[in-house]
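Chain and residue survey
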Amino acid sequence: MRERPNDIRVAKTIRDIHATFEQMMCEMDYRQITVKELCARVPVNKKTFYRYYETMDFLLAEFQENMMADYLARVDGLRIPDDLARITREFFAFAVERGAVFERITCAGPHDMLQRQMTENVMARHDGGTPADPERSLLMAYVTESTLAIYRQWVADGKALPIEDVAELAARLVCHGALAR
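Below, the structure is looked at part by part. (Residues numbered from 1 in each chain as written. Predicted model: local features only at pLDDT ≥ 70, side-chain atom pairs only at ≥ 80, totals over all residues. Heavy atoms only, no water.)

1. Re the packing of helix α5 (residues 84–98) against helix α6 (residues 100–107)
Packed helix pairs are characterised by how far apart their axes lie and by the angle those axes make with each other. Two numbers describe how α5 lies on α6: the axes approach to 5 Å, and their chain directions differ by 115°. Counting all contacts with α5, which are made through F91, F94, A95 and R98, the residues of α6 involved are A100, V101 and F102. Partitioned by chemical class, the residues of the contact of α5 with α6 number six nonpolar, no polar and one charged. (Axes fitted to C-alpha atoms, helices over the stretch in contact; angles between N-to-C directions. Helix = DSSP H or I, 4+ residues; strand = E, 2+ residues; numbered from the N terminus. Contact = heavy atoms within 4.5 Å. Nonpolar A, V, L, I, M, F, W, Y, C, P; charged D, E, K, R; others polar.)

Here it is as structure tokens:
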């Protein structure tokens, strides 16, 4: 990411770029988003876009970093497995707060790569970057994939359960397995 002046107009332009990018991510596959169309929608000229981002990939990286930072701030200080139920509930609360873009990235096929990158980065940071421990690695995979699978199924079912109920059920299932139901 390039250096940005500390200016209200620049901050507004960046917010507008991010908001438009998020809207476009909800409408189409990331690979279909062009600088030209993004700039037309903001509206800013392409020169302005390139002043802050070398490519769309740099914008995507910043978008992912911001989303991951928001989630990690929610679970800061919580550890797996000790705080697993709370972490699971926080994931669902975060997903609902982030809305359509999170749902699209997490549930839509065209964004599998993005979702996988974000999951791996969150896991690495949440795990504290500890050296590879095969048992811990399996635990992290179980927790992550189980939570994501429950979220995706909830979305596929039309969000038939209230978010509080699905978050609680997910926490019980992830922490205690199918017998906890």
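2. Brief notes about the nonpolar core
In terms of nonpolar packing, the biggest core is built from 48 residues, with F21, L38, F49, M56, L59, F92 and Y151 touching the most fellow members. Listed by contribution, the elements that provide at least two residues to this core are α1 (8–27), α2 (35–41), α3 (46–52), α4 (56–74), α5, α6, α8 (134–156) and α9 (163–176). Look past the residues within four positions of Y151 in its chain and what remains in contact with it is F91, F92, A95, F102, E103, T106 and C107. (Core = buried A, V, L, I, M, F, W, Y, C linked by side-chain atoms within 4.5 Å. Buried < 20%, exposed > 50% of the residue type's maximum accessible area, 1.4 Å probe, protein only.)

3. Overview of α6
Every buried residue of α6 is accounted for by V101, F102, I105 and T106. Taken down its axis, α6 places every buried residue within 120° of arc, on the same side. (Arc of directions from axis to C-beta.)

4. Details of the pattern of salt bridges
Under the definition given, this model contains 11 salt bridges. Where E90 meets R74, a salt bridge forms, and the shortest distance between an N and an O atom there is 2.8 Å. On the criterion of sequence distance, the pair formed by E90 in helix α5 and R74 in helix α4 is long-range, its members being 16 residues apart. Overall, the relative accessible area of 16% leaves E90 in the buried class. (Salt bridge = Lys/Arg side-chain N within 4 Å of Asp/Glu carboxyl O.)

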